[in-house]
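Descriptive analysis of the structure
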Amino acid sequence: MNNHPEARPQSGLQHADVVYEVLSEGAVTRFVAIYQSQQPVRIGPVRSARGYHINLANGFDAFFVTHGWSPEAEGCSKTTQLPI
């Protein structure tokens, strides 16, 4: 999920059971949100995945939603059991 100042406020982040904030590019961070106990009506803004985003979600046996991916993430998506 995008965390750029112009992307705020995000939708549905407050309903996540677990939220990771990870560096994306430079000083910009993104959120990896894990939902289990609540299903928000709206989630976003969704961004492209990085390999480490998929690795984080894979630890939860999660369904992963992205809008595009880096070459590394595409490779991870082909070698993991994670549904994308």
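Read on for a plain summary of the structure. Quantities reported herein were computed from a predicted structural model and do not represent experimental measurements.

1. A closer look at the overall build of the protein chain
Within the protein chain one finds two helices and two strands. Its C-alpha radius of gyration of 12 Å places the protein chain within 12% of the 12 Å reference for a compact globule of 84 residues. In terms of principal-axis extent, the alpha carbons of the protein chain reach across some 35 × 35 × 15 Å. Burial status across the protein chain gives 38% buried among its 84 residues. Partitioning the intrachain contacts of the protein chain with sequence separation of at least 6 by distance along the chain shows that 33% fall at a separation of at least 24. By element, 51% of the accessible surface of the protein chain is carried by carbon and sulfur atoms, the whole surface being about 5500 Å². A gap of 7 Å separates the mean positions of the 6 positive and 7 negative side-chain charges of the protein chain.

2. So, the nonpolar core
Membership of the largest hydrophobic core is limited to seven residues, which are Ala 49, Ile 54, Ala 57, Ala 62, Phe 64, Ala 73 and Cys 76. Sorting the residues of this core by element identifies helix H1 (51–58) and helix H2 (71–79) as the ones contributing at least two each.

3. A short note on H1
Along H1, the residues classified as buried are Gly 51, His 53, Ile 54 and Ala 57. Along the axis of H1, the buried positions cluster into a sector of 160°, meaning they face one direction only.

4. Digging into the environment of Ala 27
Examined against the element boundaries, Ala 27 turns out to sit in the loop between strand S1 (18–25) and strand S2 (28–34). Assessed through its relative accessible area of 75%, Ala 27 is described here as exposed. Through-space distance from the C-alpha of Ala 27 to that of His 4 is 9.6 Å; in sequence the pair is 23 residues apart.

Conventions and cut-offs
Residues numbered from 1 in each chain as written. Predicted model: local features only at pLDDT ≥ 70, side-chain atom pairs only at ≥ 80, totals over all residues. Heavy atoms only, no water. Helix = DSSP H or I, 4+ residues; strand = E, 2+ residues; numbered from the N terminus. Rg over C-alpha atoms; globule rule 2.2 N^0.38 Å. Buried < 20%, exposed > 50% of the residue type's maximum accessible area, 1.4 Å probe, protein only. Contact = heavy atoms within 4.5 Å. Areas by Shrake-Rupley, 256 points an atom, 1.4 Å probe, with all protein chains shown as cover. Lys, Arg positive; Asp, Glu negative; His and termini not counted. Charge placed at Lys NZ, Arg CZ, Asp CG, Glu CD. Core = buried A, V, L, I, M, F, W, Y, C linked by side-chain atoms within 4.5 Å. Arc of directions from axis to C-beta.

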